[in-house]
Amino acid sequence: MKKKELKSLLEGKLQRHYGVTASEATKNQVYHACAMVVRDILMEKWSATQEEMEAKKAKQVCYLSMEFLLGKSLKNNIYNLSMTDVFQQVLQEMGMDLKALEDIEEDAALGNGGLGRLAACYMDALSAQHLPATGYSILYEYGIFKQRIVEGQQTELPDSWLDSGSCWLVAKPDETVEIRFDGEIEESWDGDHLRIQHRNYTRVNAEPYDMLISGYGSETVNTLRLWQAKSPYSMDMHLFSEGEYLKAIEQQASAEVISKILYPEDKHPEGKSLRIKQQYFFVSASIQSIIKKHMETYGRLDNLPDRVVIQINDTHPAMVIPEMMRIMMDDHGLTWDAAWEITTHSVAYTNHTVMSEALERWPEALIKRILPRIHQIIVEINRRFCDSLWKYFPNNWDKISSMAIVAYDEVRMANLSIAGSFSVNGVSALHSQILKDKVFHDFYVVSPDKFTNVTNGIAYRRWLGQANEPLTSLIRDCIGDGFLRNAEELCTFAPFAKDASVRQKFLEVKKRNKERLAAYIQEHNGIDVDTNSIFDVQAKRLHEYKRQLLNIMQIIKMYFEYKDNPSLQRPSRTFIFGAKAAPGYYMAKQIIRLIHAVADMVNHDPVVQNHMKVVFLEDYKVSIAEILMPAADVSEQISVAGREASGTGNMKFMMNGALTIGTLDGANVEICEAVGEANMFLFGLKADEVEQLLKQGYQPMSYYQSNPWIARILGAIMQGIGRPGGRSVPFVDIANSLLISANGSQADPYLVLADFEEYCRAQREVDRVYSNQDAWNEKAILNVAHSGVFAADRSIQEYNEKIWNLTDLGR
Ligand SMILES: *Cc1c(COP(=O)(O)O)cnc(C)c1O
C-alpha cells in the first residue's frame, strides 16, 4: 500500500468516527484509526480465508485454551502485513510516532504465563503457515491482575484491558449459543430411544467476539473466538414487577460473572464452582458452534474427525469430551458407540505439568450439581473405561482405580482427557518421557501409540524480529532475511561467531538493548544500573519449583563475599527479576518480599552497590518481556529437574543471545543439544537423581549443617534483611520451608539446598567466561544461531504431521 492511500484511509476513519482532521486528532484517536484500518485489511483476508476453507472442505484445528496471553496487536499486525515502514512515514507526516501509538494499547493479558503465551504463539504460527485454525477461549473482562509493589510487597489491581483492546474484536451476536447449568435430568423411553429432558436449568448466553489472527507474509487470517457470558433475561420483568428489583438484577449479574475474570493461579487450580462454570461455559459454547457449523456444511457428524481436530491445552477444556457426547446423543440422536467413536477421533490432549498439585481434580458432587447431564456421561465413560481396563489388568483393582476417571468422590480431568482423546503429548522430550515412564505409565502400557512429544516453540518473529530490531538487522546483514520465513536458516549465522567484526557489532547491539532496558529501569524503579555489568535475568511466574529462591540465595552469598572482601575482582552484575505470584500463594509472595528486601540491602550499601544491583520489574507481562529478553546476558532457567514441562522463556532468551544458566529440565535439555554444553552453564541434579534423592529421604538439614554459606544465608534470612541502618524484615517461614518438615511434608521439596553449591559454582563460571568478552560474544552468537529449532513454526509442523493432518491453504 502506498503512503497516499494509507493517509486517506486514516483521515477517513478520523473524520467518520471522531469528526476530526488529522491535525486535530488526539493520539488515542489516531491509535484507534490505525487499528480500524488494519482491521479492515485483515477482515478482507479473513473472509477470503473462510471462503477458501469452505471451497476446499478444509480440515482445521480448533485450539481450545482457557488462556491466550496475546500482548499487543497493533505492532504485530502491521509487522505481519509488512506495513511498518509505510505506517511510520505516514504517521510522521501527521506529526505522530508509531512507537508512541503502540504504547497506548494495553496488553491483552488473558493468561497467566507460559501456557497462555504458547497458545498465542501457536495461533500466530498457524496463520503464518496458512493452516486453518480457530482458537477458542473466554472474553474475560479482567485479564491477569496488574501487579503493584507497595513497600516491597505485591498488591493486585484489576486489569480492564478492553478500553484499548476492544477495537480488535468483531462482535458476532447472531452466533450466540445457550448454555445450561444446574437443574435435574429426566429420562424417558421413546420407543427404543432414550429421551433426555433437562428441567429447571439456569440459562446463560454465550456471545462470540472474534479476533483476527494474522501471520507474517501470509494471506491466511485465522480466528480467535472469545465467548462472553450474557444473561438471557436482560432483566426479569416478572420479578421486577413483583417489586423484586434487587433479585432481578442479581440474576443477571450471576450469569455475567462467568466471564468476568481470569483465575490468577498458574499451575495450582482452586476447586471453585465459578471455575467449573467457566470451563463448561467455554467448552460448551465452542463445541456447539463447531458442531453447528459442521452440520450446516455437511449435514452429518460421522465425518467430523476428517474436518476438525480439537486440541485441548491442558485439562482445562477436558469437559469438551462429555459435552460432545451429550450433543451428539441427546440433540442429534447418535448412539453411545457412534458418538464415542467420533469424540475419541476428534480430541487430542496436550499435558503441561507433572506436579500432582497442578493436576485438576473436581469434587464429583460439584459437577453433579452444576452439570447433572455431564456428570451422568462422565460416570458412564468411567464405567466403560474401567471395564476395558480389566482385560489389561485382570483382578488388579488398585491399578484400575488409580486409572479411573471417577474415584474417591473426585473427577480426575487428566484421566478423562487421556481416555477420551486419540493423542496425548508432552511439551519437551524430557517431559514426554516422564509422562510415559511415570505419571501416565499405566495408560502408556494400555495405548502406547497415543503418546507423543511436541517440543514447545515461540513466535520468533515477535520475540526476535519485532522485539529486537538491532539484532535482526545484524543477522540480516550477515545471512539475508530468509530466516524470517524459515527459522532453520538462522544456523547459517553460526560461522559469523568467528568473525571479530560481527562479534563487535553483536556487542554494540546488546549494549543498545541494555541501554533501552536501563532507561526503563531508571524510569520505573529509579535505579541507575551499569550497562557494562552482566544483565542476569529471571523472568517468569513466581513458583517454588522455578526456584527464584535459589537465585536470591546466591545473590545474598555474593553480597557477603563483597562485604568480606571489598576488593574482590569480578565482573559487576545487575540481577533482574520479573514475576507475579498467585494472590493466594503465601510462600510465593514471601519470596517477592525477600527479593525486595535483598534489593534494598544491596542497592543501598556503598561497599557493594558498584559491584551489583538487584532490580525487580513490576507487572511482568508480554510487553515487558519484549524489552527484557533482548537486553539479557544471562538467562536463569533453574527449576528443579523434572518439574518444568518445557519452558518457553528459556527459548526467547536464547534467541536474543543470552547464555543459559540452568538445570537439565524441560526444553533446557534440547537447548543444550542444539547449542552444546560448552555454550551454556549447566548445573544441578538430573531428573532421575532428584527422584532418587526424594525417594531415599532427602535431608536438607544436612546441607545446612555442612555448608557454612547456607547456614550464614539462612541465618540472615531468619534474622532480617534490609538496608544498612534501616528496617529489616525477617523471613522465618521461608527458612523453615527449607529446613523443617511440617506435618509430614517434605522440607525443601524443590531441593534448593541440594543444588545450591553447584549453582554457585556455575555462577563463578559465568564470571570467568564473561571476563573474556570475545569468548562470551562468540557463545552468545552461537546461541542465536542454534535457536531456530525453537520456532513455533517447527512445533506447528510437528503437530500437523503427528496429530492434526490439516489442509494447507497455501497450496
Ligand atoms: C514466555 C512468557 C512466560 C513463560 O516463561 P517461562 O520461563 O517459560 O515460565 C511467562 N510470562 C510471559 C509474559 C512470557 O512472555
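Residues numbered from 1 in each chain as written. Predicted model: local features only at pLDDT ≥ 70, side-chain atom pairs only at ≥ 80, totals over all residues. Heavy atoms only, no water.

Right, let's talk about the overall build of the chain for a bit. Helix and strand counts for the chain stand at 34 helices and 25 strands. Computed over C-alpha atoms, the radius of gyration of the chain comes to 27 Å, within 12% of the 28 Å expected from 2.2 N^0.38 for 811 residues, which places it in the range of a compact globule. Its C-alpha atoms give the chain principal-axis dimensions of about 90 × 75 × 60 Å. Classification of the 811 residues of the chain by burial places 61% in the buried group. Expressed as a percentage of contacts within the chain between residues at least 6 apart in sequence, the contacts between residues at least 24 apart total 76%. Total accessible area on the chain stands at roughly 31500 Å², and carbon and sulfur atoms take up 48% of it. Both charge centroids of the chain, one from 87 positive and one from 106 negative side chains, sit 2 Å from each other. (Helix = DSSP H or I, 4+ residues; strand = E, 2+ residues; numbered from the N terminus. Rg over C-alpha atoms; globule rule 2.2 N^0.38 Å. Buried < 20%, exposed > 50% of the residue type's maximum accessible area, 1.4 Å probe, protein only. Contact = heavy atoms within 4.5 Å. Areas by Shrake-Rupley, 256 points an atom, 1.4 Å probe, with all protein chains shown as cover. Lys, Arg positive; Asp, Glu negative; His and termini not counted. Charge placed at Lys NZ, Arg CZ, Asp CG, Glu CD.)

Attention shifts here to the packing of aromatic side chains. A complete count under the given rule lists 18 aromatic pairs for this structure. Plain terms: the ring middles of tyrosine 559 and phenylalanine 560 are 5.9 Å apart, the flat faces sit at 55° to each other, and that makes the pair tilted. Across the pair, exposure class does not vary: tyrosine 559 and phenylalanine 560 are buried alike. Aromatic ring contacts, followed pair by pair, group Tyr63, Phe68, Tyr122, Tyr799 and Trp804 into a single cluster. Sitting above the plane of the phenylalanine 145 ring, lysine 580 keeps its charged end 5.5 Å from the centroid. Over the face of the ring belonging to phenylalanine 560 we find arginine 712, whose NZ or CZ atom lies 4.2 Å from the ring centre. (Phe/Tyr/Trp six-rings, centres within 6.5 Å; stacked < 30°, edge-to-face > 60°. Lys NZ or Arg CZ within 6 Å of the ring centre and 35° of its normal.)

Right, let's talk about the sheet that holds strand S17 (residues 410-412) for a bit. Reading across from one edge, S15-S17-S16 is the order of the 3 strands in this open sheet, with antiparallel pairing throughout. Strands with a single pairing partner mark the edges of an open sheet, and in this sheet they are strand S15 (361-363) and strand S16 (406-407). (Pairing = 2+ DSSP bridges.)

Read from one edge of the open sheet, 6 strands run S22-S21-S20-S23-S24-S25, paired in parallel fashion. Two strands bound the open sheet, and with one partner strand each, they are strand S22 (612-617) and strand S25 (681-682). Where strand S20 (residues 534-539) lies against strand S21 (residues 573-578), 6 bridges are found, and the strand directions are parallel. The residue bridging aspartate 536 from the neighbouring strand is phenylalanine 575, located in S21. Along the sheet, helix H22 (residues 500-525) contacts S20, S21 and S22; its crossing angle with S22, the most-contacted strand, is approximately 70°. Across the sheet, helix H33 (residues 773-785) lies against strand S23 (634-637), strand S24 (659-662) and S25, angled at about 90° from S24, the strand it touches most. (Axes fitted to C-alpha atoms, helices over the stretch in contact; angles between N-to-C directions.)

According to the domain assignment, the chain consists of domain 1 (57-72 + 107-456) and domain 2 (460-784). Each of domain 1 and domain 2 has a C-alpha centre, and these two points are 35 Å apart. Tallying the contact residues gives 42 residues for domain 1 and 43 residues for domain 2. It is Gln147, Tyr216 and Leu430 in domain 1 that bury the most area against domain 2; as a group they hold 17% of the surface buried on that side. (Domains from an automatic or database assignment. Buried area = accessible area lost by both parts, 1.4 Å probe.)

A separate point is the UniProt feature "modified residue: N6-(pyridoxal phosphate)lysine" (unreviewed entry) in the chain. Mapped onto this structure's residue numbering, the UniProt feature "modified residue: N6-(pyridoxal phosphate)lysine" (unreviewed entry) falls at Lys652. If you trace the backbone, lysine 652 turns up in helix H26 (residues 649-655). Judged by relative accessible area, which is 7%, lysine 652 ranks as buried. Not counting the four nearest positions on each side in its chain, lysine 652 is found in contact with Arg117, Ile458, Trp463 and Met629. (UniProt positions renumbered as here; feature names shortened; annotations may be inferred.)

Moving on, we come to the pattern of salt bridges. The final tally for this structure, using the stated rule, is 53 salt bridges. Residues lysine 498 and glutamate 778 are paired through a salt bridge, measuring 2.7 Å at the closest nitrogen-oxygen approach. Placement of the pair is lysine 498 in the loop between helix H21 (469-479) and H22 and glutamate 778 in helix H33, with a sequence separation of 280 residues. In this structure lysine 498 comes out as exposed when scored by relative accessible area, which is 61%. Under the relative-accessibility criterion, glutamate 778 is labelled partly exposed at 21%. (Salt bridge = Lys/Arg side-chain N within 4 Å of Asp/Glu carboxyl O.)

In this section: the environment of leucine 389. One can find leucine 389 in helix H15 (residues 372-390). C-alpha separation for the pair leucine 389 and alanine 404, spaced 15 residues apart in sequence, amounts to 9.3 Å. With sequence-adjacent residues up to four places away left out, leucine 389 is seen in contact with Ile400, Met403 and Val446.

Over its 13 residues, H33 extends 18 Å from the first C-alpha to the last, a length consistent with the 18 Å expected when each residue adds 1.5 Å. If you check which residues of H33 are buried, you get Trp776, Asn777, Lys779, Ala780, Ile781, Leu782, Asn783, Val784 and Ala785. (Expected span 1.5 Å × (residues − 1).)

Next up on the list: the environment of serine 231. Of note, serine 231 is situated in the loop between strand S12 (222-230) and helix H8 (237-241). Through-space distance from the C-alpha of serine 231 to that of leucine 568 is 67 Å; in sequence the pair is 337 residues apart. Apart from the residues lying within four places of it in its own chain, the contact partners of serine 231 are Gln252, Ala255 and Glu256.

Taken together, 13 residues form the shell around the ligand, and within it Lys540, Lys546, Thr648, Gly649 and Lys652 come nearest. At 2.8 Å, a backbone N or O of threonine 648 approaches an oxygen atom of the ligand. For the ligand, an oxygen atom lies 2.6 Å from a polar atom in the side chain of lysine 652. Contact with the protein chains removes 96% of the 390 Å² of surface that the ligand exposes when unbound. Tallied by class, the residues present in the shell around the ligand amount to 4 nonpolar, 5 polar and 4 charged. (Near = heavy atom within 4 Å. Polar contact = N/O pair within 3.5 Å; in protein donor to acceptor, adjacent residues only side chain to side chain. Nonpolar A, V, L, I, M, F, W, Y, C, P; charged D, E, K, R; others polar.)

On to the nonpolar core, then. Core analysis: the largest hydrophobic core is formed by 284 residues, its most contacted members being Leu91, Phe281, Ile310, Ile717 and Ile721. Of all the elements, helix H24 (residues 586-603) adds the most residues to this core, at 11 residues. Here this core spans two domains, and each of domain 1 (57-72 + 107-456) and domain 2 (460-784) adds at least three residues to it. Discounting chain neighbours no more than four positions away, the residues touching phenylalanine 281 are Ile179, Phe181, Val204, Asn205, Ala206, Trp227, Gln228, Ala229 and Ile258. (Core = buried A, V, L, I, M, F, W, Y, C linked by side-chain atoms within 4.5 Å.)

Let us look at unusual backbone geometry. Positive phi outside glycine occurs at glutamate 151, with the angle close to 50°. For lysine 267, which is not a glycine, the phi torsion comes out positive at approximately 55°. Along the chain, lysine 267 turns up in the loop between helix H9 (245-256) and helix H10 (273-298).

Within the secondary structure layout, histidine 294 lies in helix H10. Residue classification places histidine 294 among the buried positions, given a relative accessible area of 3%.

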